[in-house]
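Residue strings, one per chain:
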Amino acid sequence: MTKQHPAWSPYDNNGGTCVAIAGADYCVTAADTRMSTGYSILSRDYSKIIKLADKCVMASSGFQADVKALQKLLAARHLIYQHQHNKQMSCPAMGQLLSNTLYYKRFFPYYSFNVLGGLDNEGKGCVYTYDAVGSYERVGYSSQGSGSTLIMPFLDNQLKSPSPLLLPAQDAVTPLSEAEAVDLVKTCFASATERDIYTGDKLEIVVLNKDGIHREYMELRKD
Amino acid sequence: MESIQAKQGLVGPNDPIQRTQLPYVTGTSVVALKYKDGILMAADMGGSYGSTIRYKSVERIKPIGKHSLLGASGEISDFQELLRNLDELILYDNMWDDGNSLGPKELHSYLTRVMYNRRNKFDPLWNSLVLGGVKNGQKYLGMVSMIGVNFEDSHVATGFGNHLARPILRDEWHENLSYEDGVKLLEKCMRVLLYRDRSAVNKLQIAKITEEGTTISQPYALKTFWGFTAFQNPTAGAEGSW
Amino acid sequence: MFRNQYDTDVTTWSPAGRLFQVEYAMEAVKQGSAAIGLRSKTHVVLGCVNKANSELSSHQKKIFKVDDHIGVAIAGLTADGRVLSRYMRSECINYSYTYESPLPVGRLVVQLADKAQVCTQRSWKRPYGVGLLVAGLDEKGAHLYYNCPSGNYFEYQAFAIGSRSQAAKTYLERRFENFSESTREDLIKDALMAIRETLQGETLKSSICTVAVVGAGEPFHILDQETVQKLIDSFDIAGTEEGPAAAPDSAAEGGSAAEGGAASEQGAPADEGVAPMDI
């Protein structure tokens, strides 16, 4: 028998689920607040959503240390942008920046799964969804992280988004009202928490609309 | 000539870079919590060489500057090197002599960067760190892992502590714990760890940090009770072939 | 052509123990349009005079935000000022990336001074031709510093640099004892009054000045032109050729200051006794 000794990996998966839904004049972004490693819970109250600009928030799951590094880098880049342009970055601009930042580490990637939610220059809700190395797409709604396999098909079913193959292209924003979208997100997470051990404890919801930004919370199962 | 000289040392200039791929002497759990006036932190003093308990007087909780306490589990030498680095950092901070100082929040952020940068170089510091402190009436308690995972909480524990101590803390911890109740709670956690963690030793220190400053207790032992019948005859009721 | 044989490069001493190139850089600060700063316990206000290069051009920006807690006003070579404020911005960003807290102003000022000092000791460099008034907030409260090309830096309650700054300094010297307890509004008023002193009769309008504030609970920001104009109107301090607030004695001081300014613009030798570096 070979001697057992501890090995290490530069990556960990700290779990968590993120959802964003874009409407005609709002955007709802949500994530649970559980942080895990393996079968253990590290924290029951860790926020995965950060505000990157006035009209742009990012929800991220995956490896927390990479996520934190990514968040700090984007915050620094946004500061530089503000110094140079005297304005806040728009959500589509931040979307491109996030993609470039992720791709910059293509061969030692940030193990992070992000959705970007916000309002575009017309005030319309916008959601960008990413993989770990920066491929991205603007969509009407999306889910990322450990519970995404449970939530994404449910959203597909409920939101009946027009096929992206339709020509001319159809608007991807969902037909729901803001309150309906918030309710839908709550249902999604309550359900995902039942089956995904990495999702739970508390749900954080960030709503962006013409009145600004607003946060609310809902308790989730803690087991 | 140079190569001959180099061969006499452990590492020559042309030898491949050595990195920590496995720890040598390690410390086990650190447990810490917020209480009414500040932070309490506990750690035993064992230093394990694999499964041998090689050292029994290792100090694993140290004050950093005026406002912070650092506790570490994992590779002791990495922790001690980190302490030397932090000593220098605090020295340079004090040398400004301008009334500004690094608080626990700043140090936690700094340590997170150190740990994460070392993992990016594939040369990690093999530790889980607990940082607690009080500055300007703000209590602060956070953790960093060897690959840079970091968070704040009202109570934290590394290693086995996360499995065995935190459930107890989640049950019994509250915002207004008095100093006495905080110590009792930590001792309860450390006792469970002593019973269940084979590399824990019955010699520990409890440290306190408040607005007034830092105190680290003298090493002491917990009262234990090994008289349970299951301890005296562990195979009773589970007899095997030998 | 040359004033003397010891001023052709920065690193050559004169027998009197002076570095002429460094002193010339100090003169560059006096050529620039004026910038002023003053502070209370909780707030710092920066102000500057905007001068357009020609009828056809707009003026250059002279006040820069460095971070939420730090800003600078410059006088001298604006191009050098931009380089230095970019350096300060990146230092602030780097510090808050590492420590998640704002860089203490005093430390940034020392780093900046050290950077300027290097240029006074390298034969292949030239000193920065700009003076910076650095306003900021840290654990110890509000601060106002002056950084000059020589690498010296000083902390002030109130200060003015640039052309005709002597008039503003005189105004500030008469009133600085009250600044510590001043309200934010009073500080801004005094800032505008000090700016007016440097105008030499020209009417104070929001189009020819910029005012910025940083303070407890108030991130550094430049007041927009409308706000400034409203303040000027409400304080009734626009002033004219013979300003009503200008007392006879201050008019006399203003006169002498104008002479000083004119002298420096001609590049006349500074007072033999005092090296301008010390200022």
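Residues numbered from 1 in each chain as written. Chains lettered and ligands numbered in written order. Predicted model: local features only at pLDDT ≥ 70, side-chain atom pairs only at ≥ 80, totals over all residues.

The name given to chain B in an unreviewed UniProt entry is Proteasome subunit beta, with Citrus x changshan-huyou as the source organism. Turning to chain B, the UniProt record has this under Function (unreviewed entry): "Non-catalytic component of the proteasome." (UniProt positions renumbered as here; feature names shortened; annotations may be inferred.)

Chain A appears in an unreviewed UniProt entry as Proteasome subunit beta from Citrus x changshan-huyou.

Caption draft 1: Structural view of the overall build of chain B. Regarding its fold elements, chain B presents 7 helices and 13 strands. Taken over the C-alpha atoms alone, chain B extends approximately 70 × 55 × 30 Å along its principal axes. Across the 242 residues in chain B, those meeting the buried criterion constitute 45%. The contacts of chain B with a sequence gap of at least 6 include a subset with a gap of at least 24, amounting to 66%. (Helix = DSSP H or I, 4+ residues; strand = E, 2+ residues; numbered from the N terminus. Buried ≥ 20, exposed ≤ 12 C-beta atoms within 10 Å, placed from the backbone. Contact = placed C-beta atoms within 7 Å.)

Caption draft 2: Representation of the overall build of chain A in the model. Across its full length, chain A holds 4 helices and 12 strands. For 223 residues, the compact-globule estimate of 2.2 N^0.38 gives 17 Å, and the C-alpha radius of gyration of chain A, at 18 Å, lies within 12% of that figure. Along the first, second and third principal axes, the C-alpha atoms of chain A reach 65 × 40 × 35 Å. Counting all 223 residues of chain A, 45% fall into the buried class. (Rg over C-alpha atoms; globule rule 2.2 N^0.38 Å.)

Caption draft 3: Broad picture of the pairing of strand β4 (residues 70-76) of chain C. Residue and element names in this part refer to chain C. The element β4 is largely enclosed, with a buried count of 7 among its 7 residues. Where strand β3 (residues 63-67) meets β4, 4 bridges bridge the pair, whose relative direction is antiparallel. Paired with I63 across the two strands is A73, which belongs to β4. Counted along the chain from β3 to the antiparallel partner β4, the turn is 2 residues long. Here 7 bridges tie β4 to strand β5 (residues 130-138), and the two strands are oriented antiparallel to one another. Following the sheet pairing, A73 is matched in β5 by L133. (Pairing = 2+ DSSP bridges.)

Caption draft 4: Just the interface of chain A and chain B, in detail. Across the contact, 15 residues belong to chain A and 15 residues belong to chain B. With 4 residues, helix α1 (residues 64-85) of chain A is the largest single contributor of residues to the side of chain A that touches chain B. Of the residues in the side of chain A that touches chain B, the class split is 8 nonpolar, 5 polar and 2 charged. (Nonpolar A, V, L, I, M, F, W, Y, C, P; charged D, E, K, R; others polar.)

Caption draft 5: Layout of the nonpolar core. In this structure, A:A20, A:V28, A:V127, A:V185, B:A32 and B:M41 are the most contacted members of the largest nonpolar core, which totals 111 residues. Counting residues per element, this core draws most heavily on helix α4 (residues 178-195) of chain A, at 6 residues. Sequence-distant contacts of A:A20, defined by excluding residues within four places in its chain, comprise A:C27, A:V28, A:T29, A:A59, A:V115, A:G117, A:V127, A:Y141 and A:S142. In this structure, C:V10, C:I36, C:L192 and C:V214 belong to the second largest nonpolar core, which totals 73 residues. (Core = buried A, V, L, I, M, F, W, Y, C linked by C-beta atoms within 7 Å.)

Caption draft 6: Structural view of the sheet that holds strand β3 (residues 38-44) of chain B. Residue and element names in this part refer to chain B. Pairing within the open sheet is antiparallel, and its 5 strands lie in the order β11-β2-β3-β12-β13. With partners counted over all chains shown, the strands left at the sheet margins are β11 (155-157) and β13 (213-216), one partner each. Pairs of neighbouring strands in the sheet enclose a mean axial angle of 10°, with direction left out of account. As paired elements, strand β2 (residues 30-35) and β3 share 6 bridges and run antiparallel to each other. Bridge pairing in β3 links A32 to M41. In the packing of helix α6 (residues 179-196) onto the sheet, the strands contacted are β2, β3 and β12 (204-210), and the crossing angle to β2 comes to about 160°. (Axes fitted to C-alpha atoms, helices over the stretch in contact; angles between N-to-C directions.)

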